[in-house]
Amino acid sequence: MHTTRTLLARLAAAVLTLGLVAAPITLRAQDPQQAPPPPPPASVAGKWAMSMDIENMGPAETALDLKQEGEKVTGTYTGSYGAFQVEGTVKGRILEFAFAMSAQGTEVWLSFRGEVAADGESIIKGTGAIEGLGSVSWTAKRKKS
């Protein structure tokens, strides 16, 4: 009986070993057409001091107060013509926003695109356009709380 048990134990071990060795191994090849998931959006919520250089007009100092829900950005732009509601998005480190402003009785559209610094916090640099005036280069620095 002792021999039978030993034989059965060896047979069971051999079956298990063969089962593990013979089990199909599935290797997942990465689909070259499937891009890696995008990085989470940078955090742009908060108050920013914005400096603009407006084509044919020169510098302007303004402010942004932004709120963020995922990729959606809303908030307020405040400049020499008052405060205006902005809407936009942030995807990865790219922030885009636009708004309409009343300047001396004329509605003007402003649009901006910028890249948030690699630290995700300190500065945003970009370009934009002001309807009827031309291009804008801008930077925004996060205000200290």
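Our subject is the structure that appears above.
As a starting point, this report considers the structure included with it. Nothing here was measured: the structure is a model prediction, and the numbers come from that model. (Residues numbered from 1 in each chain as written. Predicted model: local features only at pLDDT ≥ 70, side-chain atom pairs only at ≥ 80, totals over all residues. Heavy atoms only, no water.)

**Re the sheet that holds strand 1 (residues 46-54)**
Item 1. Pairing in this closed barrel of eight strands is antiparallel, and the strands run 1-2-3-4-5-6-7-8 around the ring. Going from strand to strand, the sheet's axes swing by 30° on average, the running direction of each strand aside.
Item 2. Judged from the ten bridges that link them, strand 5 (residues 94-103) and strand 6 (residues 106-116) form a sheet pairing that is antiparallel. Note that in strand 6 the partner of Ala103 across the bridge is Thr106. (Pairing = 2+ DSSP bridges. Helix = DSSP H or I, 4+ residues; strand = E, 2+ residues; numbered from the N terminus. Axes fitted to C-alpha atoms, helices over the stretch in contact; angles between N-to-C directions.)

**Things to note about the pattern of salt bridges**
A side chain with one charge may pair with a side chain of the opposite charge, provided their charged atoms come close.
Item 1. All told, the structure shown has three salt bridges when counted by the stated rule.
Item 2. Residue Glu96 is joined to Arg113 by a salt bridge in which the shortest nitrogen-to-oxygen separation is 3.1 Å. With Glu96 in strand 5 and Arg113 in strand 6, this residue pair connects regions lying 17 residues apart in the sequence. (Salt bridge = Lys/Arg side-chain N within 4 Å of Asp/Glu carboxyl O.)

**Observations regarding the environment of Ala60**
Item 1. Mapping Ala60 onto the fold places it in strand 2 (residues 58-69).
Item 2. Once the C-alpha coordinates of Ala60 and Ser80 are considered, the two residues, 20 residues apart in sequence, prove to be 8.5 Å apart.
Item 3. Leaving out residues up to four positions away in the same chain, Ala60 has contacts with Met50, Ser51, Met52 and Ile54. (Contact = heavy atoms within 4.5 Å.)

**Brief notes about the packing of aromatic side chains**
The geometry of an aromatic ring pair is captured by the separation of the ring centres together with the interplanar angle, meaning the angle of the planes.
Item 1. Within this structure, the stated rule accounts for six aromatic pairs.
Item 2. With a centroid separation of 6.3 Å and an interplanar angle of 15°, the aromatic rings of Phe84 and Phe99 are classed as stacked. Of this pair, Phe84 sits in strand 4 (residues 82-91) while Phe99 sits in strand 5, and the two are 15 residues apart along the sequence. Summarising the burial analysis for this pair, Phe84 and Phe99 share the class buried. (Phe/Tyr/Trp six-rings, centres within 6.5 Å; stacked < 30°, edge-to-face > 60°. Buried < 20%, exposed > 50% of the residue type's maximum accessible area, 1.4 Å probe, protein only.)

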